[in-house]
Amino acid sequence: MYIFASENHNFLQKEMSKDIRLKKGLNINLQGEADKVYASIPQSQNFSIKPTDFHALTPKMVVNEGDKVKAGSCLFFDKYDERIRISSPVSGEVTEIVRGAKRRIMEVKIAADSEVSYESFSLDANASREQIIKGLLDSGVWPFIRQKPFDTIANPSDNPKAIFISTFDTAPLAPDNDFVLHGLDKEFQMGIEVIKKLTDGKVHLNVDGNTNPSKVFTDCKGVEINKISGPHPAGNVGVQVHHIDPINKGDVVWYLYPQDVLTIARLFTDGKYDVSRMVALTGSQVERPRYYRTISGASISNMISENSIKDGSNRFISGNVLTGTQISADGCIGFYDSQITVIPEGNEQEFLGWIAPGLQKFSMSKSYFSWLTPAKKYNLNTNYNGEERSYVVTGQYEKVLPMDVYPMQLIKACMIEDIDSMEQLGIYEVSAEDMALCEFVCTSKMEVQSIIREGLDLVKKECS
Amino acid sequence: MKLFKNLLGSVKPHFEKGGKLEKLYPAYDAFETFLFVPDHTTHKGAHVRDAIDLKRTMFMVIVALIPCLLFGMWNVGYQYHLAIGETATLVDNFIFGFWKFLPLIIVSYAVGLAVEFAFAIYRGHSVNEGYLVTGLLIPLTMPIDVPLWMLAISVIFAVVIGKEVFGGTGMNILNPALTARAFLFFAYPIYMSGDKVWVHNAMVDGHSGSTILGELAASTNWQSLSFNPFDMMMGTIPGSVGETSFIAIMIGALILIATGIGSWRIILSTFVGGFVMAALFNMWGANELMATPAEIHLIIGSFAFGAVFMATDPVTGSQTNRGKYIYGFLIGVFAIVIRVFNPAYPEGMMLAILLMNIFAPLVDHYVIQGNIKRRFKRANA
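Sequence order as written defines the numbering, with residues in each chain counted from 1. Chains and ligands are labelled by the order in which they are written, letters from A for the one and numbers from 1 for the other. A pLDDT threshold of at least 70 governs which residues receive local features in this predicted model, and a stricter bar of 80 or more applies before side-chain atom pairs are shown or counted, although totals over entire chains, interfaces and linings include all residues. The side-chain figures draw on all heavy atoms in the structure; neither hydrogens nor water molecules are used.

Let us look at the overall build of chain B. A helix here means a DSSP run of H or I that spans at least four residues, while a strand means a run of E at least two residues long, and both kinds are numbered starting from the N terminus. Counting its regular elements, chain B contains 18 helices and one strand. Each radius of gyration is computed over the set of C-alpha atoms, and the globule rule expresses the reference value as 2.2 Å times the number of residues to the power 0.38. In terms of C-alpha radius of gyration, chain B reaches 22 Å, essentially the compact-globule figure of 21 Å for 381 residues. Along the longest, intermediate and shortest principal axes, the C-alpha atoms of chain B span 70 × 70 × 35 Å. Think of it in three bands: with a 1.4 Å probe and only protein chains considered, a residue is buried below 20% of the maximum accessible area for its type, exposed above 50%, and partly exposed in between. A buried classification covers 57% of the 381 residues belonging to chain B. Only heavy atoms enter the contact rule, under which two residues are in contact if any of them lie within 4.5 Å. When contacts within chain B are restricted to residue pairs at least 6 apart in sequence, those whose partners lie at least 24 apart make up 71%. Positive charges are assigned to Lys and Arg, negative charges to Asp and Glu, while His and the chain termini are left out of the count. Working definition for charges: the position is that of NZ of Lys, CZ of Arg, CG of Asp or CD of Glu. For chain B, the centre of its 24 positive side-chain charges and the centre of its 23 negative side-chain charges are spaced 16 Å apart.

Bringing the sheet that holds strand 18 (residues 314–318) of chain A into the picture now. Two modes of strand pairing occur in sheets, parallel and antiparallel, and in both the strands are linked by backbone hydrogen bonds. All names here are of chain A. Here the rule is simple: two strands pair whenever DSSP picks up at least two bridges between them. In spatial order, the strands read 3-17-16-20-18-19; together these six strands make up an open sheet with mixed pairing. Looking at which strands have only one partner, the edges of the open sheet turn out to be strand 3 (38–39) and strand 19 (325–327). Where strand 3 lies against strand 17 (residues 290–295), two bridges are found, and the strand directions are parallel. Across the sheet, residue tyrosine 38 finds its bridge partner in strand 17, namely tyrosine 291.

Residue and element names in this part refer to chain B. For methionine 150, the position within the fold is in helix 6 (residues 148–162). A residue is classified by how much of its surface remains accessible, and methionine 150, at 0% relative accessible area, is buried. Counting along the chain gives 205 residues from methionine 150 to leucine 355, while the straight-line C-alpha distance between them is 24 Å. In contact with methionine 150, other than residues within four places in its own chain, are Leu184, Tyr188 and Tyr191.

Before going further, it helps to spend a moment on the packing of aromatic side chains. Aromatic rings from Phe, Tyr and Trp, taking only the six-membered ring of Trp, are treated as a pair when their centres fall within 6.5 Å; an angle between ring planes under 30 degrees marks them as stacked, one over 60 as edge-to-face, and anything in between as tilted. Summed over all chains, the structure comprises 30 aromatic pairs over all chains. Centroid distance phenylalanine 144 of chain A to phenylalanine 335 of chain A: 4.3 Å. Interplanar angle 15°. Geometry classified as stacked. Of this pair, phenylalanine 144 of chain A sits in the loop between helix 1 (129–139) and strand 11 (146–148) while phenylalanine 335 of chain A sits in the loop between strand 19 and strand 20 (339–344), placing them 191 residues apart in sequence. Of the two residues, phenylalanine 144 of chain A and phenylalanine 335 of chain A, both sit in the buried class. An angle of 55° between the planes, with centres 5.6 Å apart, marks the rings of phenylalanine 271 of chain B and phenylalanine 303 of chain B as tilted. Linking phenylalanine 271 of chain B in helix 13 (residues 264–284) with phenylalanine 303 of chain B in helix 16 (residues 303–310), this pair joins segments that are 32 residues apart in sequence.

Turning to the sheet that holds strand 6 (residues 68–69) of chain A, a few remarks are in order. Pairing is antiparallel in the open sheet, where four strands are placed in the order 4-10-9-6 (chain A). Two strands bound the open sheet, and with one partner strand each, they are strand 4 (46–49) and strand 6 of chain A.

Residues and elements named next belong to chain A. The element strand 7 (residues 74–78) is extensively covered by neighbouring structure, given that five of its five residues are classed as buried. The pairing of strand 5 (residues 59–61) with strand 7 spans three bridges and is antiparallel. Looking across to strand 7, one finds that methionine 61 is bridged to phenylalanine 76. Pairing geometry for strand 7 and strand 8 (residues 81–87), over four bridges, is antiparallel. Residue pairing in the sheet places aspartate 78 in a bridge with aspartate 81 of strand 8. Between strand 7 and strand 8, which pair antiparallel in sequence order, lie two residues.

Our next topic: the environment of methionine 310 of chain B. Residues and elements named next belong to chain B. Note on placement: methionine 310 falls in helix 16. Residues methionine 310 and tyrosine 122, 188 residues apart in the sequence, show an inter-C-alpha distance of 29 Å. Here methionine 310 is in contact with Leu137, Thr141, Asn175, Ala177, Leu178, Phe305 and Ile353, once residues within four sequence places are set aside.

Attention now goes to a nonpolar patch on the surface. Residues and elements named next belong to chain B. Patch members must show over 30% relative accessible area and no salt bridge, and they are joined within 9 Å when carrying like charges or within 5 Å when they are nonpolar side chains of Val, Leu, Ile, Met, Phe, Trp or Tyr. Residue exposure ignores everything except the shown protein chains as possible cover, and the areas themselves are Shrake-Rupley values with a 1.4 Å probe. In what follows, salt bridge is the name for a side-chain nitrogen of Lys or Arg lying within 4 Å of a carboxyl oxygen of Asp or Glu. On the surface, a nonpolar cluster with roughly 970 Å² of combined accessible area is contributed by Ile257, Trp264, Leu268, Val272, Phe275, Val276, Leu280, Met283, Tyr325, Ile326 and Phe329. Where the nonpolar patch is concerned, the elements lending two or more residues are helix 13 and helix 17 (321–341). Here the nonpolar patch takes seven residues from helix 13, the largest share from any one element. Examined against the element boundaries, methionine 283 turns out to sit in helix 13.

Within the element layout of this structure, arginine 266 of chain A appears in helix 6 (residues 258–270). Excluding residues that lie within four positions of it along the chain, arginine 266 of chain A makes contacts with Gly271, Lys272, Asp274, Val275 and Ser276 of chain A.

Residues and elements named next belong to chain B. The convention used is that axes are lines fitted to C-alpha atoms, helices contributing only their stretch in contact, and that angles between N-to-C directions extend from 0 to 180 degrees. Running from amino to carboxyl end, helix 12 (residues 246–259) crosses helix 16 at an angle of 15°, the nearest separation of the two axes being 10 Å. In this view, helix 12 runs roughly parallel relative to helix 16, as classed from their interaxial angle. Seen along the crossing, helix 12 lies across helix 16 with a hand that is left-handed. Here helix 12 contributes Phe246, Ile249, Met250, Gly252, Ala253 and Leu256 to the contact with helix 16, which in turn contributes Ala304, Phe305, Val308 and Phe309. Residue polarity is assigned by list, with Asp, Glu, Lys and Arg as charged and Ala, Val, Leu, Ile, Met, Phe, Trp, Tyr, Cys and Pro as nonpolar; anything else, Gly included, falls into the polar class. Its residues assigned to classes, the contact of helix 12 with helix 16 shows nine nonpolar, one polar and no charged. Roughly parallel means an angle under 35 degrees; roughly antiparallel means over 145; roughly perpendicular covers 65 to 115; every other angle is labelled oblique. The hand of a helix crossing depends on one turn: near helix anticlockwise from the far one by less than a right angle means left-handed, and clockwise means right-handed.

So, about the pattern of salt bridges. Applying the stated criterion to the full structure yields 30 salt bridges over all chains. The closest approach of N and O atoms between glutamate 423 of chain A and lysine 249 of chain A, which form a salt bridge, is 3.0 Å. Remark: lysine 249 of chain A occurs in the loop between helix 5 (237–244) and strand 15 (253–256) and glutamate 423 of chain A occurs in helix 10 (residues 419–424); sequence separation between them is 174 residues. Accessibility expressed as a relative area gives 18% for glutamate 423 of chain A, which makes it buried. Measuring nitrogen to oxygen at the nearest pair gives 2.9 Å for the salt bridge that ties aspartate 404 of chain A to arginine 374 of chain B. With aspartate 404 of chain A in the loop between helix 8 (396–400) and helix 9 (407–415) and arginine 374 of chain B in helix 18 (residues 348–379), this pair bridges two chains. Via salt bridges that share partners, Glu387 and Arg389 of chain A together with Lys55 and Glu129 of chain B belong to a single interconnected network.

In this section: the confidence of the model for chain B. Should pLDDT be low for a region, the predicted coordinates there are not to be read in detail. The score called pLDDT rates the predictor's confidence residue by residue, from a low of 0 to a high of 100. Predicted confidence across chain B gives a mean pLDDT of 88, with 96% of residues reaching 70 or more. Both scores are available for the predicted complex, with the pTM at 0.91 and the ipTM at 0.90.

Let's shift gears to the interface of chain B and chain A. A common way to state how big an interface is: give the accessible area lost once the parts meet. Taken together, the contact between chain B and chain A spans 59 residues of the former and 72 residues of the latter. Of the roughly 5,900 Å² buried between chain B and chain A, counting both surfaces, carbon and sulfur atoms make up 53%. Here chain B and chain A share seven salt bridges between them. Across the pair glutamate 429 of chain A and arginine 375 of chain B runs a salt bridge, and its minimum N-O distance is 2.8 Å. Polar contact is the term for a pair of N or O atoms within 3.5 Å; when the atoms are in protein, one must be able to donate a hydrogen and the other to accept it, and sequence-neighboring residues count only if both atoms are side-chain atoms. Here chain B is connected to chain A by 36 residue pairs in polar contact (both at pLDDT 80 or more). Elements that contribute at least two residues to the side of chain B that touches chain A include exactly helix 1 (2–15), helix 2 (25–35), strand 1 (36–37), helix 3 (54–83), helix 12, helix 17 and helix 18 of chain B. At eight residues, helix 18 of chain B tops the list of elements feeding residues into the side of chain B that touches chain A. Along the lines of polarity and charge, the residues of the side of chain B that touches chain A split into 25 nonpolar, 19 polar and 15 charged. Buried area is a sum: the accessible area each of two parts loses on coming together, probed at 1.4 Å, counted once for each and added.

As a further point, take a negative patch on the surface. Where like charges cluster on the molecular surface, the negative patch consists of Asp185, Glu187, Asp219 and Asp270 of chain A. Among the secondary structure elements, glutamate 187 of chain A is positioned in helix 3 (residues 185–196).

This is the structure:
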């Protein structure tokens, strides 16, 4: 964790920008990286918005089954903050409101019109902060802006100390934003102009120090451009915040993804709720991994049928293999996701697998001989590769968490719901996704992400 | 393999809920998961998981112990034949030692696993893999002629009092293998110390097989010992079965460090701590043990074996990286201090590690307080 002031940039213009080089972490080399081409597919007919994508949001429905909606029409809002509204990504008819246990709303399904018609919003990027926030809230674009700590939709009443945008994703098979945003300099800058209005602090645009990042990002004006390099999770905004402007108790920072900056820009230039985006179809089970232009919430069935998926029992994930959500083969892309991963299920026993040399097995430790081939790309399945045990091994988590946080002690504090210790050990600085690699490498197969998530929920409940 | 699958499949219903042997499910589960990595798939959190699990981890420690085990078996035969004045081939020595040592391994595993299974069934937990290593470590730290009933008692004591009363693998405070060793040492000192136990049949035949530490404690100058430093490195000396060969132990250390299973921080700092302390005593030089050069201290007795295989137990050692340096360093220091000042216990390593097992949580506490203070300072800056 070495932090140097950037020297190769113009010092006067970007005097505070940072060059952060992280050493800890782990890149999981998987088969099925998306080729940098994009295929066109007919627009999906089925869409679904999942309230479960929005952590801590309790949906209050505005529409009923059978209602007609336009792109940008409110579907539901947050019961505890009515300003926060979730909009329909397309025009069409609400076909079903799927409920789960205790009548919890799991999905709002929409059958799309063949031609999308939009609600029209008239917004002015030069308006006051309050008016801009109101416009973002009313259109349903607001939920793309989230906050740390807690990873919930940003509270519009807060004034965050800074806004962070990570322009690169280091997760396994993640889409390449340099490719996705290629040539969209103007739109991106337009979105940034709006975002700048939302904070009195800085807007940090964090670029990949491992590569030569796109000019879309490096030429962006009015932001702090920080270079971050290192293995995953260097691209995670939580890790970046920790090194650039760490969160203390009471602090709030906001963050959003690069493609969502474009959504904001389109809202202000075209007056439309246009959540079309590029999605990477990845994973070892995909014959021709590549990018598709589609819309947030769209069914992946079009993509799947245009491409072809290898036979066998497969797992479809909206997002990446570490933090994504399992969906069905005709499921829909999550609100925040721009990646679909398809990997084989691992529901097969393996005879004496723990004794085998394991040339095909991926491990951070060098306990399988696969360490002899470090550049190899793996076809990993969903097998646990073991069973849950008490903690025995120590020092593993520290190798994959590039933060000044003691992960195991923090996790134990979460397990025993000791809020004082959680605060002391830095619960506000971590997110489940930042500790996903801890879960991956864990010898004892602990469910680290849900332990941290529950810990954060507890702190949020008790301290706010 | 299919045979096993069919066999397990045919008996499984008896052990499942509602079956006749439902209560014995943990035992069944242990056998099934021993033979087959289960078909469990991820259902929340990360969809893919690292290939490592506790079984593999323990298996790698056993692999690391193999050089010590093989050398130890050979050395049992070699020392015996040396004592009775016969010469034997390498193979003869090994076969002799193999048959002498095998009962110790069998008793250790049979008794220890029986206790583990009994607790797992009683608690309805799955059987943890910790004993796979402990079961081999215990006989390796024993003199070859230890009576089997004594070994069995010490194993029971170690597993029950050292581990299960605290909640089983992962919850224990003291290293179970060392708990067994310490129990025997204090309960039956005649069988665990002196110069008559380290070579097979020495007690009966009356030939001497004193260890280097024993001789040093009896005020023999290190240069006039019956063994030279080369013997000590190779391990062709009397001692507990697994601890004599520095070379074999170092091969094990390399395996542990290379695979990332054992903490290099602990191993390194233990040797550094021992060396520093012994070097300080060299300057003092009040008795033969103090006068023994620091580098010799590190290769005799169970110092190396303890540093590599006992101090590195992640459950009972320090858990923070900075804590590991302190923990290891103090083990090295205390091992030499006990060795030098208390000739009644020439083997200080065992006691030093047990002592630091107790203090490891305290070391971690202060390391973590440093982190907490840093965070507090930043928040109030």
